[in-house]
Amino acid sequence: NAGVTQTPKFRVLKTGQSMTLLCAQDMNHEYMYWYRQDPGMGLRLIHYSVGEGTTAKGEVPDGYNVSRLKKQNFLLGLESAAPSQTSVYFCASSTTGNTEAFFGQGTRLTVV
Amino acid sequence: AQKITQTQPGMFVQEKEAVTLDCTYDTSDQSYGLFWYKQPSSGEMIFLIYQGSYDEQNATEGRYSLNFQKARKSANLVISASQLGDSAMYFCAMRGWNSYKLIFGSGTRLLVRP
């Protein structure tokens, strides 16, 4: 019963490097979300998807790209990492309508 | 546009007492859902309770209840009989039926004192 799985759990990047965070869900959910959480702050929406092949910008999309080629996977890419992108990243998924979102365990990313 | 406001950065409560965590929201959607999540120090996000905008009754889940006042656009979480394990960050969130975005407030850190 995996739910939402994020890969990797931890990563250290050098400024300017690129990387992709993977979110996989096995609940056949339509909606998927990427958030970042900075110390003492809430979750800020980066990008989201309402179905396979669709993506949309959230509150803080700059510096990130996403793709949803398969319904179960939602990828978050950093093309050129910056120290300001040091954060904990959460992925979530949900069905449509009035149901809660299920979260992954988070990815702690440090950009030096 | 959607917005969630949690004005209490930190709260203290004595064990076994009740506590109310405030949440106000703003949305242009006619239909929407309101959620509360708990984030303990271990970091995972735990769903607590849901309230739909057209639900006439306030939602309850065990020791959690949601005090929903639609005209005031508030959705406060009430925790009854606080326990030490309730010490955590609590986030209010909202999703509009037309906008699909699930957005969060800045959170309230609750500390339960023995």
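Right, let's walk through the structure included here. Please read these numbers as outputs of a predicted model, since none were measured by experiment. (Residues numbered from 1 in each chain as written. Chains lettered and ligands numbered in written order. Predicted model: local features only at pLDDT ≥ 70, side-chain atom pairs only at ≥ 80, totals over all residues. Heavy atoms only, no water.)

## Let's talk about the state of the cysteines
Residue and element names in this part refer to chain A. Note the cut-off: The disulfide definition used here is simple: a pair of cysteine sulfur atoms within 2.5 Å. The way it works is that DSSP assigns letters per residue, a run of H or I at least four long becomes a helix, a run of E at least two long becomes a strand, and they are numbered from the N terminus. Three labels apply to residues, based on accessible area from a 1.4 Å probe with only protein chains included: buried if under 20% of the type maximum, exposed if over 50%, partly exposed otherwise in between.
Evaluated as defined, the whole model comprises two disulfides over all chains. Between Cys 23 and Cys 91 runs a disulfide, and the two sulfur atoms are separated by 1.8 Å. Because the torsion about its S-S bond is -75°, the bridge between Cys 23 and Cys 91 counts as left-handed. With Cys 23 in strand S3 (residues 19-25) and Cys 91 in strand S9 (residues 87-94), the pair connects residues that are 68 residues apart, well separated along the chain. By relative accessible area, Cys 91 is classed as buried at 0%.

## Some thoughts on the nonpolar core
To keep things clear, this is the line we draw: To define a nonpolar core, start from buried Ala, Val, Leu, Ile, Met, Phe, Trp, Tyr and Cys residues and group those joined through side-chain atoms within 4.5 Å. Contacts: residue pairs with any heavy atoms within 4.5 Å of one another.
Counting residues in hydrophobic clusters, the biggest one holds 26 residues, and the most contacted among them are Tyr 25, Trp 36, Ile 49, Leu 77, Tyr 90 and Leu 110 of chain B. Broken down by secondary-structure element, the contributors of at least two residues to this core are strand S2 (10-14), strand S3 (19-21), strand S5 (32-39), strand S6 (46-52), strand S8 (64-69), strand S9 (74-79), strand S10 (88-96) and strand S12 (108-113) of chain B. Setting aside residues no more than four positions away along its own chain, Ile 49 of chain B makes contact with Leu 34, Phe 35, Trp 36, Ala 59, Thr 60, Glu 61, Tyr 64, Ser 65, Leu 66 and Leu 77 of chain B. Core analysis: the next-biggest nonpolar cluster, separate from the first, contains 20 residues, Tyr 33 and Tyr 35 of chain A together with Tyr 50 and Ala 93 of chain B among them.

## Observations regarding the sheet that holds S3 of chain A
All names here are of chain A. Heads up, the condition is: At least two DSSP bridges between two strands are needed for those strands to be called paired. Each axis is a line fitted through C-alpha atoms, taken for helices only over the stretch in contact, and angles between the N-to-C directions span 0 to 180 degrees.
The four strands lie next to each other as S1-S3-S8-S7, forming an open sheet whose pairing is antiparallel. For this open sheet the edge positions go to strand S1 (4-7) and strand S7 (65-67), each flanked by a neighbour on one side alone. Mean inter-strand twist for the sheet, computed between neighbouring axes without regard to direction, equals 20°. When S7 meets strand S8 (residues 73-78), the two strands line up antiparallel, connected through three bridges. Within S8, the position partnered with Val 66 by the bridge is Leu 76.

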